[in-house]
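Report on the structure
One letter stands for each residue in the lines below.
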Amino acid sequence: MAKLVLAYNFSEARLPALKLACMLVKVPLRVVPREQLLQPLGYLAGVPGVEPVEELYAGEEAREEMLILCGFNRPDLDRLLSAIRKGKLQSVALKAALTPTNALWSGVKLQEELAQEHAYMHGKQAPKPKHDSL
């Protein structure tokens, strides 16, 4: 898979800094419009066999910035994250690598999962129980 960054919910003020970071590491950037939040990540990344959905997103959830990093090896990932940290963006809280599992998820589903993990990692929420209590 070719390298690609999928970007969700970046403001007009922050988007140029993301574009610059991607340009510096020679990685294409695809800005995903809100109405495509229901599309499978794999479809947006060009993964063969992942089909689009017809429904357009019209909801109000999933408003946080999010990056999906497609086709990255470790050195490329490190270079991009370094460019983000050193640039005007400085950080993006929600980011994930495209995987065979999440390639079938929508942007909304992944953002829910990442937001929950982020909150847990920063001590803002208790971990989800692994099974129901008896």
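Data block above holds the structure.
Residues numbered from 1 in each chain as written. Predicted model: local features only at pLDDT ≥ 70, side-chain atom pairs only at ≥ 80, totals over all residues. Heavy atoms only, no water.

**As for the overall build of the protein**
Threshold: Helix numbers and strand numbers start at the N terminus; a helix is a DSSP run of H or I with at least 4 residues, a strand a run of E with at least 2. Throughout, the radius of gyration refers to the C-alpha atoms, and the reference size of a globule is 2.2 Å times the residue count to the power 0.38. The buried label goes to any residue with under 20% of its type's maximum accessible area, the exposed label to any with over 50%, and the partly exposed label to all in between, with areas taken from a 1.4 Å probe on protein chains only. Contacts between residues were defined by any pair of non-hydrogen atoms, one from each residue, lying within 4.5 Å. Using a 1.4 Å probe, accessible areas were evaluated by the Shrake-Rupley method; residue-level cover was limited to the displayed protein chains. In this tally Asp and Glu are treated as negative and Lys and Arg as positive; neither His nor the chain ends contributes. Here the site of a charge means atom NZ of a Lys, CZ of an Arg, CG of an Asp or CD of a Glu.
Secondary structure assignment for the protein yields four helices and four strands. Counted from the first residue to the last, the protein has its helices and strands arranged as β-α-β-α-β-α-β-α. Against the compact-globule benchmark of 14 Å for 134 residues, the protein has a radius of gyration of 15 Å, which places it among compact chains. Along the first, second and third principal axes, the C-alpha atoms of the protein reach 55 × 35 × 30 Å. Looking at the protein as a whole, 40% of its 134 residues are labelled buried. Counted over contacts in the protein with a minimum sequence separation of 6, partners at least 24 positions apart contribute 71%. Counting every atom, the protein has about 8500 Å² of accessible surface; 56% of that belongs to carbon and sulfur. Between the mean site of the 17 positive side-chain charges and the mean site of the 15 negative ones, the protein shows a separation of 12 Å.

**Remarks on the packing of aromatic side chains**
Formally: Only the six-membered ring of Trp is used, alongside the rings of Phe and Tyr, when aromatic pairs are assigned; centres must lie within 6.5 Å, and planes under 30 degrees apart are stacked while those over 60 apart are edge-to-face, with the rest tilted. By the criterion adopted, a ring carries a charge over it if an Arg CZ or a Lys NZ lies within 6 Å of its centre and within 35 degrees of its normal.
Inspection of the entire model under this criterion finds zero aromatic pairs. Sitting over the ring of tryptophan 105, lysine 109 keeps its end group 4.9 Å from the ring centre.

**As for the environment of glutamate 54**
By the secondary structure assignment, glutamate 54 is in the loop between α2 (41–45) and β3 (66–70). Considering only alpha carbons, one finds glutamate 54 and glutamate 113, 59 residues apart in sequence, at a separation of 23 Å.

**Quick notes on the pairing of strand β2 (residues 29–32)**
Selection criterion: Here, any two strands with at least 2 DSSP bridges between them count as paired. If you view a crossover with the strands going away from you and the path from the first strand over the helix to the second runs clockwise, you call it right-handed.
Of the pairings in the sheet, the one linking strand β1 (residues 4–8) to β2 comprises four bridges and is parallel in character. Among the inter-strand pairings, tyrosine 8 is bridged to a residue of β2, identified as valine 32. As for the winding sense of the linkage, the β-α-β connection from β1 through helix α1 (residues 15–24) to β2 is right-handed.

**Notes on the environment of glycine 87**
Among the structural elements, glycine 87 can be located in the loop between α3 (74–86) and β4 (94–97). A relative accessible area of 28% places glycine 87 in the partly exposed class. Each C-alpha atom of the pair glycine 87 and leucine 18 lies 8.5 Å from the other, and the pair is 69 residues apart in sequence.

**A closer look at the pairing of β4**
Of the two faces of β4, only one is covered, namely that formed by Leu94 and Ala96; the face formed by Lys95 and Ala97 stays uncovered. In this sheet, β4 lies alongside β3 in parallel orientation, the contact comprising four bridges. Counted as the bridge partner of methionine 66 is leucine 94 from β4. Since β3 and β4 lie parallel, the crossover through α3 that links them has a hand, and here it is right-handed.

**Brief notes about the sheet that holds β4**
Think of a sheet as strands paired side by side through backbone hydrogen bonds, with each pair either parallel or antiparallel. Put simply, the test is: Here an axis means a line fitted to C-alpha atoms, over the contact stretch when the element is a helix, while the angle between two N-to-C directions is reported on a 0 to 180 degree scale.
The strand order across the open sheet built from four strands is β2-β1-β3-β4, with neighbouring strands paired in mixed fashion. In this open sheet, the two strands that pair with only one neighbour each are β2 and β4. Across the sheet, the axes of successive neighbouring strands diverge by a mean angle of 20°, strand direction being ignored. Relative to β4, helix α4 (residues 107–121) is tilted by about 115°, and along the sheet it contacts β1, β3 and β4.

These figures capture arrangement, not role.
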